[in-house]
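In case you want the letters, here they are:
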Amino acid sequence: MSIISRLISRTGFFMIASVAAAATSMAAAADEPASGLTLSLDEAIARARATSLDAAVALGELKSAYWEYRSYRADLLPEVILGATAPSYVKQFTPYMDESGNYSFVSTNNLQASGNLSLSQTIWATGGKLSLSSQIDFLRQFSGTTYNRFMSIPVALTLEQPIFAANTAKWNRRIEPVRYREAKAQFMTASEQVALSTINYYFTLLLARENVASARQNLANAEKLYAVAQEKRSMGQISKNDLLQMELNLLNARSALTDGLSDERAAMFRLRAFLDFDESTEIIPIVPSEAPDVELDYPDVLDKALERNKLAANLRRRQLEADYEVAKAKGNLRSISLRASVGYTGADHTFGNAYRDLKDNQVVEVGISIPLIDWGKRRGRVKVAESNRDVVAARLRQEKLTFTQDLFVLVERFSNQRQQLDIAERADTIASRRYDTNVETYLIGRISTLDLNDSQSSKDEARRAYINELFNYWYYYYQIRSITLWDFVAGSPLESDFEQAVRH
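Residues numbered from 1 in each chain as written. Predicted model: local features only at pLDDT ≥ 70, side-chain atom pairs only at ≥ 80, totals over all residues. Heavy atoms only, no water.

(A) Focus on the overall build of the protein. Across its full length, the protein carries 10 helices and 10 strands. Taken over C-alpha atoms, the radius of gyration comes to 41 Å for the protein, far larger than the 23 Å a tight globule of 504 residues would show. Across its three principal axes, the protein shows a C-alpha extent of roughly 150 × 50 × 45 Å. The contacts in the protein between residues at least 6 apart in sequence include a share of 78% that link residues at least 24 apart. Carbon and sulfur atoms make up 53% of the accessible area of the protein, which amounts to about 29,700 Å² in all. Of note, the protein has its 59 positive side-chain charges centred 5 Å away from the centre of its 62 negative side-chain charges. (Helix = DSSP H or I, 4+ residues; strand = E, 2+ residues; numbered from the N terminus. Rg over C-alpha atoms; globule rule 2.2 N^0.38 Å. Contact = heavy atoms within 4.5 Å. Areas by Shrake-Rupley, 256 points an atom, 1.4 Å probe, with all protein chains shown as cover. Lys, Arg positive; Asp, Glu negative; His and termini not counted. Charge placed at Lys NZ, Arg CZ, Asp CG, Glu CD.)

(B) Local environment of unusual backbone geometry. With phi around 60°, Asp 276 is a residue other than glycine that occupies positive phi space. Mapped onto the elements of the fold, Asp 276 is located in the loop between α5 (240-274) and β6 (283-285). Located in the positive-phi region is Asp 357, a residue other than glycine, with phi close to 50°. Among the secondary structure elements, Asp 357 is positioned in the loop between β7 (335-348) and β8 (359-369).

(C) Highlighting empty space enclosed by the protein. All told, the structure shown has 1 cavity of 30 Å³ or more when counted by the stated rule. Of the voids in this model, the largest cavity is the one considered here, and its volume is about 70 Å³. For the largest cavity, the full set of lining residues is Asn 218, Asn 221, Ala 222, Leu 225, Met 246, Asn 249, Ala 253, Tyr 435, Leu 452, Asn 453 and Gln 456. For the lining of the largest cavity, the element with the highest residue contribution is helix α4 (residues 168-234), accounting for 4 residues. Of the residues assigned to the lining of the largest cavity, the class counts are 6 nonpolar, 5 polar and no charged. (1 Å grid on protein atoms, 1.4 Å probe; cavity = no way out; pocket = protein on both sides within 12 Å on 5 of 7 lines; lining within 4 Å. Points joined across faces, edges and corners; volume = space filled by probe spheres on them. Nonpolar A, V, L, I, M, F, W, Y, C, P; charged D, E, K, R; others polar.)

(D) Representation of the nonpolar core. Within the largest apolar cluster, 53 residues are counted, with the highest numbers of intra-cluster contacts made by Phe 203 and Leu 275. At 11 residues, the largest contribution of residues to this core is made by helix α9 (residues 449-484). Among the nonpolar cores identified, the runner-up in size contains 19 residues, and Leu 243, Ala 253, Leu 443 and Leu 452 belong to it. (Core = buried A, V, L, I, M, F, W, Y, C linked by side-chain atoms within 4.5 Å. Buried < 20%, exposed > 50% of the residue type's maximum accessible area, 1.4 Å probe, protein only.)

(E) Seen up close, the layout of surface pockets. Roughly 450 Å³ of internal volume is contained in the second largest pocket. For the second largest pocket, the lining is made up of 21 residues, of which Arg 49, Phe 187, Ser 191, Ser 496 and Ala 501 are closest to its centre. Sorting the residues of the lining of the second largest pocket by element identifies α2 (41-51), α3 (53-75) and α4 as the ones contributing at least two each. Looking at which element gives the most residues to the lining of the second largest pocket, the answer is α4, with 6 residues.

(F) Molecular detail of the pairing of strand β2 (residues 79-97). Across 17 bridges, β2 lies against strand β3 (residues 103-122) in antiparallel orientation. Bridge pairing links Ser 88 to Gln 112 in β3. Hairpin connection between β2 and β3: a loop of 5 residues separates the two successive antiparallel strands, and Gly 101 in this loop has a positive phi of roughly 90°. (Pairing = 2+ DSSP bridges.)

(G) Region of interest: a nonpolar patch on the surface. Together, Val 80, Leu 82, Leu 117, Leu 119, Leu 130, Leu 132, Val 155, Leu 157, Val 342, Tyr 344 and Leu 358 line one region of the surface with nonpolar side chains, adding up to about 960 Å² of accessible area. Listing elements by their share of the nonpolar patch, those giving two or more residues are β2, β3, β4 (129-141), β5 (147-162) and β7. Within the secondary structure, Leu 82 sits in strand β2. The class for Leu 82 is exposed, based on a relative accessible area of 70%. (Patch = residues over 30% accessible without salt bridge, like charges linked within 9 Å, V, L, I, M, F, W, Y side chains within 5 Å. Salt bridge = Lys/Arg side-chain N within 4 Å of Asp/Glu carboxyl O.)

(H) Here's a closer look at the packing of α4 against helix α8 (residues 377-443). One can describe the packing of α4 onto α8 by two numbers: an axis separation of 11 Å at closest approach and a directional angle of 15°. On the basis of the axis angle, α4 is roughly parallel to α8. Here α4 and α8 pass one another in a crossing that is left-handed. Between α4 and α8, the residues in contact are Gln 217, Asn 218, Asn 221, Leu 225, Val 228 and Lys 232 and Tyr 435, Asp 436, Val 439, Tyr 442 and Leu 443, respectively. Across the contact of α4 with α8, the residue classes tally to 6 nonpolar, 3 polar and 2 charged. (Axes fitted to C-alpha atoms, helices over the stretch in contact; angles between N-to-C directions. Parallel < 35°, antiparallel > 145°, perpendicular 65-115°, else oblique. Left-handed = near helix turned anticlockwise from the far one by under 90°.)

(I) Representation of the packing of aromatic side chains in the model. Applying the stated criterion across every chain, the model contains 21 aromatic pairs. Their ring planes at 35° and their centres at 5.3 Å tell us that Phe 471 and Tyr 475 sit as a pair that is tilted. Here Tyr 475 and Phe 471 lie together in helix α9, a separation of 4 residues that amounts to about one turn. Judged by its relative accessible area of 18%, Phe 471 falls in the buried class. By way of ring pairs, the aromatic residues Tyr 66, Trp 67, Tyr 69, Tyr 72 and Tyr 180 are connected into one cluster. Here the guanidinium or amino end of Arg 47 rests over the ring plane of Phe 277, the centre of that ring lying 3.9 Å away. The positively charged end of Arg 418 is found above the aromatic ring belonging to Tyr 473, 5.4 Å away from the centroid. (Phe/Tyr/Trp six-rings, centres within 6.5 Å; stacked < 30°, edge-to-face > 60°. Lys NZ or Arg CZ within 6 Å of the ring centre and 35° of its normal.)

(J) Seen up close, helix α6 (residues 298-308). Considered for burial, the residues of α6 that qualify are Tyr 298, Val 301, Leu 302, Lys 304 and Ala 305. When α6 is viewed along its axis, its buried side chains cluster within an angular range of 165° and face the same direction. Where the residues of α6 are buried, they touch α8, α9 and β9 (486-487). (Arc of directions from axis to C-beta.)

(K) Structural detail: a positive patch on the surface. There is a patch of like positive charges on the surface, built from Lys 170, Arg 174, Arg 181 and Arg 316. Among the elements that line the positive patch, the one with the most residues is α4, at 3 residues. Tracing the chain through its elements places Lys 170 in helix α4. Residue classification places Lys 170 among the partly exposed positions, given a relative accessible area of 38%.

(L) Layout of the environment of Asn 309. Secondary-structure assignment places Asn 309 in the loop between α6 and α7 (310-331). Not counting chain neighbours up to four residues away, the residues in contact with Asn 309 comprise Ala 185, Lys 304, Phe 403, Ser 482 and Ile 483. Side-chain polar atoms of Asn 309 contact the backbone oxygen of Ile 483, separated by 2.7 Å. (Polar contact = N/O pair within 3.5 Å; in protein donor to acceptor, adjacent residues only side chain to side chain.)

In structure tokens, the structure reads:
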């Protein structure tokens, strides 16, 4: 062996040793614990549900729906009202017409006061209103002869009943519970949507950090390989073109790291803001070690979705509202109302005597409003309401069909995603090993620069693909959870203490 060959061999040996030492140093640095807040995916989702603005909006909407439902329930219960006017003082001239038809102005100077207490109840079956009331009126005249006057209505029972109008109380009893059930399902879905947003932000940051880690490793390798290439070029082992290619690889690696760091800072800012962390907090996401192995059966998923999803309540509510509009339009074809009041009344100069020698007080009123000629306006409104109801029914059928189709596609994608994830994980492992082997092989001159670049690109792409497939798996899973409101890992429905949530 010639002296030159021995020198080249020794040089190659030292080059390989230096690169191996560098790789060992990089691995040791990677094993060092990073500074910052380490946050798992489950922890990020739990914090988002508790502190994110999206969660606050969902809770606000639930509270609004809760108090609307409470107001509806209160409308069904008896209502007690106390009213009073104390006092009302009047001193003025008012016009007065005598028996001959002549007008004059008379002076009025009096003090009045009144009070009433009423108990009213909506009649659920008929939509009427029944009231029980008691009233006292007081008048003190100051002009002319001064005197006091009391008038009492100790008890009066009043019924107000529309005859043909739509029974609003009956329709509200059918619609409002469905509306509140829809609101509760919407709150649960919104909570799962918060989880979906968290997954999106979390994996965006995770992928950005993985890209930065790959960029750092690629830059370190590019620096070492360029140094080796310079040594080989000085000994005439490689061409000028190969040396320039290695320098270009080094510049590209520096550029990729700069871009990666920028993307990481942007992703960090978005996740930090979403989770309501301080600006100084550095979040370190963790690659989920494993994904839950869940087997889904489409008919079972569909049954749970149709039972628990807000869509079921939404379809029912909109159908009821369309029917209610038709009932109102038909009720407006003619209007007949009944008002009947029975009770006792008394009057005297003293308060006590106003409750003695009581007399009957009865009022019966029947109001009728029947259009004789309206050119078909009211019947036209009935036809419009019926047409709108038919349109709503058609839309509801279409929405249900679209819902079932989209759910089928989602279940199929999730079922296939487990295999896709396993393939991507295996490809990531193989690509990483291939790159490490090619680096060593390139140092001893057995592969070209193009082959080395290809293995690096394959390694980076395989890692990104694995993170993306992991993201897709979790995103599909939480999409199905948000639709079915069912935890398929625990095998139990998603529940929430709504009373506690609205009082929080």
